[in-house]
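Here is how the chains run, residue by residue.
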Amino acid sequence: MASITGGDLACRVLSQEGVYVLFGHPGGAILPFYDSLYKHGALHHVLCRHEQGAAHAADGYARATGRTGVCVATSGPGATNLVTGLAAAYMDGVPVVAVTGQVASPSIGTLAFQETDILGVTIPVTKHGFLVQQASDIPSVFTEAFRLAASGRPGPVLVDIPKDVQAALVDAKTHIFSERENSGPIELSYDIEALKTEVQETAKLLKEAERPVLLAGRGVVISGTDDLLRQLSEQNDLPVITSLLGLDAFPASDPRALGMPGMHGTERANYSLQDADLVLGLGVRFDDRVIGRPEAFAPNAKIVHFDIDATAIERTMRADIAVVADLADSFKMLCSLVPKARRTEWWQRIRQWNREAAPVKEPLTAGYRRMGPLGAREAIRSVAQKISESKGIAVSDVGQHQMWLAQELGDAVPGSHLTSGGLGAMGYALPAGIGAAIGKPERSVWVVAGDGGFQMSLQELATVVQEGIPLRICVIDNGYLGMVRQWQERFYERRYSETQISGPDLIALGKAYGIPTWSVDRSEQLESTLGFAAMEKGPVLIWLQVRQEENVYPMVPSGAALNEMVTETDRVPR
Amino acid sequence: MSGFVLVASLKNVTGSLERFLGLLRRRAFPVERLSLYHVHENIFEVVVRFGDVNTARERVAAEIDSLFDVLSVSLPELQVCEETREFAVVRICRDLESSPEILSDVLARRSSDSLELFGTPNEIDEALVYLRDQGVIVAVSRSGEMFPPSPHKH
């Protein structure tokens, strides 16, 4: 009988699932798997320098490609280092399968070296977890894990494999080519008649509404219904507001795009929501950063919530109608029922709230040069422009620059704006950018990080170099943990407790890693430097040293209603 | 919002119970009683009686139903919930001198050092209050409530 090991079997099953790249870091309890990987040429392993980087890279790969990302780690610390990355994927509905080594079965529960109950640790941040108890279970477990990760609201699934199970011999023929009974996504079952009724009621509400808005989230991106969003908006003349994770669901240049809502949303988006008589939420989870004070959100509106995830309904916000189904089904049904309309009066009203758009969105005219110390928003506007010009993928970290980039981002197709929205995990951008660049090698990938977040994962520069990944990495360095400092300025009387942060000389750092690096600290250098950087093959590092105490506006203070936003002109007097 | 009973069928696989209980803990749902028993090979039935919950019972059910190991969730009507039964064994420090009225419906067996009670959870509660007042209880073990065979599934 020809035999293969559990590790061999796992590699073969991963290939069967269409996986060709893994992001990971080896260790003792996952050695048999890595030994199999060594022999299995169809899988490319990206050696990340930290397991958190591997999880974020798998996440970035998944968001950019729409396929399930895979990360691998050993037991104990290797596995626990994955947790932040898995939590980020869980919060944002990103399909990731995490494979972890576990100590040998007889040692489980004995506090063995590098033993952690990773299945238990990850329960709150995964859709599901499996402990593989015998090698022959590997095909069915992996098949189930991939189905589950990608079905419904996608998310991370953990597969924990004890070392002895990875090393165990199984009959090659029996298991490699076994019938996969449960292949394909998990079918969602819903009552079609009930769904039709709910969608018809929604269409009726839309017909009766005088001030309706569409609020689109990442669900539109995941379900591939961005074209339906454009169609519905156009045929019924509907304003479209896109959450941070839905920015790539609708082009920013569309005349019906109102931008992002919420804490750092645009005035026109927030005021429109507050004045609306109908809010149609599409694959959006009405999170606290979007709705402000829940009881004050859209006070005059009926709310209709379309989501694939039944648990998202009324989690934070009332729903007058809840349509729990795949948007690909429900949204299509809705579009067929909604007539053409023109909403002239509503648009006149919205345009009154457009006052902040002009100075912010003003394009840089030819020959225009600002002089003087570099502004952070100014720098990001130029970076955003370069991303648009190259039709690139924007990967932002977490903090002020994330919000500025979201406000300045140009047209983006689905999978072109990646950020850790729900968890807000600093250190996300660089490794997620690695994943995105590997998944989409034909596209230019721009990582935008603050100096705080960049220092949380800069070890992955070595991964970038080892893999030859042509990333464009922009570090917005203001010497502060900027968003926290902004809150300290506004709400803690400028007591800047532990937010001033030093960092390395990035020119020297770039040199150390062998990455071409530019430094910019004046406005007049910006355009030419970004131009050079954009033309380089990559990787490149661009160190943007900006003014220190610039704030993100508009801002809705925590616990306030969306219309109680603070704008640039309401700045705290100095 | 008043309490309610939820019945879930759960796969008996590694971590399934942990995930089920973990959800109840994370969401701070007030569990008053919980019982679990095998109904088929590799399938548990879990009965949870919740106290006053600030969340709609349908939402609690949706969250539990979203767990991969949960095969089905039902919310039996109150009338059905009143048909649940429970078994309790009470170790006592001295024998009761007589058989009081309150124990008449629930007393299944008695000996000099223990009483076995069977009835609705409320009846068991009332009997235990009485026995505590009498100062005879040393220890109590309760089975948790059980439904008669699958009436809630109709």
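Residues numbered from 1 in each chain as written. Chains lettered and ligands numbered in written order. Predicted model: local features only at pLDDT ≥ 70, side-chain atom pairs only at ≥ 80, totals over all residues.

1. A few points about the overall build of chain B
And step 1. Looking only at helices and strands, chain B has five helices and eight strands in total.
And step 2. With 154 residues in all, chain B has 25% of them scored as buried.
And step 3. If you take every contact in chain B between residues at least 6 apart in sequence, the share linking residues at least 24 apart comes to 71%. (Helix = DSSP H or I, 4+ residues; strand = E, 2+ residues; numbered from the N terminus. Buried ≥ 20, exposed ≤ 12 C-beta atoms within 10 Å, placed from the backbone. Contact = placed C-beta atoms within 7 Å.)

2. Points about the overall build of chain A
And step 1. Looking only at helices and strands, one finds 25 helices and 20 strands in chain A.
And step 2. The C-alpha atoms of chain A give a radius of gyration of 24 Å, which matches the 25 Å a tight globule of 574 residues would have.
And step 3. A principal-axis box enclosing the C-alpha atoms of chain A has dimensions of 75 × 65 × 40 Å.
And step 4. Within chain A, the proportion of its 574 residues that are buried is 54%.
And step 5. Of the contacts made within chain A by residues no fewer than 6 positions apart, 77% connect residues no fewer than 24 positions apart. (Rg over C-alpha atoms; globule rule 2.2 N^0.38 Å.)

3. Section: the packing of helix α3 (residues 51-65) of chain A against helix α20 (residues 429-439) of chain A
Residues and elements named next belong to chain A.
And step 1. Orientation of α3 relative to α20, taken along the N-to-C sense of each, is 45°, at an axis distance of 6 Å. In this view, α3 runs oblique relative to α20, as classed from their interaxial angle. Judged by the twist between their axes, the crossing of α3 over α20 is right-handed. Here Gly 53, His 56, Ala 57, Ala 58, Asp 59, Gly 60, Tyr 61, Ala 64 and Thr 65 of α3 come into contact with α20, specifically with Pro 431, Ala 432, Gly 433, Ile 434, Gly 435, Ala 436, Ile 438 and Gly 439. (Axes fitted to C-alpha atoms, helices over the stretch in contact; angles between N-to-C directions. Parallel < 35°, antiparallel > 145°, perpendicular 65-115°, else oblique. Left-handed = near helix turned anticlockwise from the far one by under 90°.)

4. A short note on the interface of chain B and chain A
The figure often quoted for interface size is the accessible area lost as the parts come together.
And step 1. Taken together, the contact between chain B and chain A spans 11 residues of the former and 12 residues of the latter.
And step 2. Of all the secondary structure elements, the ones that give two or more residues to the side of chain B that touches chain A are α1 (16-26) and α2 (57-65) of chain B.
And step 3. The residue makeup of the side of chain B that touches chain A, split by class, is two nonpolar, four polar and five charged. (Nonpolar A, V, L, I, M, F, W, Y, C, P; charged D, E, K, R; others polar.)

5. Structural notes on the confidence of the model for chain A
And step 1. Of all residues in chain A, 94% have pLDDT values of 70 or greater, and the mean over the chain is 93.
And step 2. Every residue in residues 356-367 of chain A is under pLDDT 50, and counting partners more than four places away or in other chains gives six contacts. (pLDDT = per-residue confidence, 0-100.)

6. Some thoughts on the sheet that holds strand β8 (residues 137-142) of chain B
Residue and element names in this part refer to chain B.
And step 1. Taken together, four strands build an open sheet; the order of strands is β6-β7-β5-β8 and the sheet is antiparallel. Each having just a single partner strand, β6 (107-110) and β8 make up the two edges of the open sheet. Across the sheet, the mean angle from the axis of one strand to that of its neighbour is 15°, orientation sign disregarded.
And step 2. The sheet contact formed by strand β5 (residues 86-92) and strand β7 (residues 114-119) spans six bridges and is antiparallel. (Pairing = 2+ DSSP bridges.)

7. Notes on the pairing of β6(B)
All names here are of chain B.
And step 1. Sheet analysis places β6 next to β7, joined by three bridges and oriented antiparallel. Within the sheet, the bridge partner assigned to Leu 107 lies in β7 and is Leu 117.
And step 2. Hairpin connection, β6 to β7: the antiparallel pair is bridged by three residues.

8. Notes on unusual backbone geometry
Residues and elements named next belong to chain A.
And step 1. Here the amide bond leading from Gly 538 into Pro 539 is cis, since omega sits at 5°, within 30 degrees of zero.
And step 2. Here Pro 539 shows up in the loop between α25 (523-535) and β20 (540-545).
And step 3. The step from Tyr 553 to Pro 554 runs through a cis peptide bond, and the omega angle for that step is -5°.
And step 4. With respect to the helices and strands, the residue Pro 554 is situated in the segment after β20.
And step 5. Phi is positive for Ala 298, which is not a glycine, with a value near 40°.
And step 6. Since 25 C-beta atoms lie within 10 Å of it, Ala 298 is described here as buried.

9. Some thoughts on the environment of Trp446(A)
And step 1. Looking at the element boundaries, Trp446(A) is found in strand β17 (residues 445-450).
And step 2. Between the C-alpha atom of Trp446(A) and that of Val395(A), which follows or precedes it by 51 residues, the distance is 6.0 Å.

10. Brief notes about the packing of α3(A) against helix α5 (residues 83-92) of chain A
Residues and elements named next belong to chain A.
And step 1. Packing of α3 against α5 brings their axes to within 7 Å, and their N-to-C directions diverge by 25°. It follows that α3 is roughly parallel to α5 by the angle criterion. On α5, the residues that touch Gln 52, Ala 55, His 56 and Asp 59 of α3 are Thr 84, Gly 85, Leu 86, Ala 88 and Ala 89.
And step 2. Partitioning the contact of α3 with α5 into residue classes produces four nonpolar, four polar and one charged.

11. Focus: the sheet that holds strand β3 (residues 44-47) of chain A
Residue and element names in this part refer to chain A.
And step 1. Strand order in the open sheet formed by six strands is β3-β2-β4-β5-β7-β6, with parallel pairing between adjacent strands. Each having just a single partner strand, β3 and β6 (128-131) make up the two edges of the open sheet. Geometrically, the sheet is characterised by an average inter-axis angle of 25° between neighbouring strands, direction not taken into account.
And step 2. The pairing of strand β2 (residues 21-24) with strand β4 (residues 69-73) spans two bridges and is classified as parallel. By the bridge assignment, Gly 24 is partnered in β4 with Val 72.
And step 3. Along the sheet face, α3 touches β2, β3, β4 and β5 (96-102) and points at about 170° away from the line of β4.

12. Thoughts on the domain arrangement of chain A
Residue and element names in this part refer to chain A.
And step 1. Looking at chain A, the domain boundaries give domain 1 (3-176), domain 2 (192-352) and domain 3 (372-553).
And step 2. Here the C-alpha centre of domain 2 lies 37 Å away from the C-alpha centre of domain 1.
And step 3. Each partner contributes to the interface: domain 1 provides five residues, whereas domain 2 provides five residues.
And step 4. For the side of domain 1 that touches domain 2, the class distribution of residues is one nonpolar, two polar and two charged. (Domains from an automatic or database assignment.)

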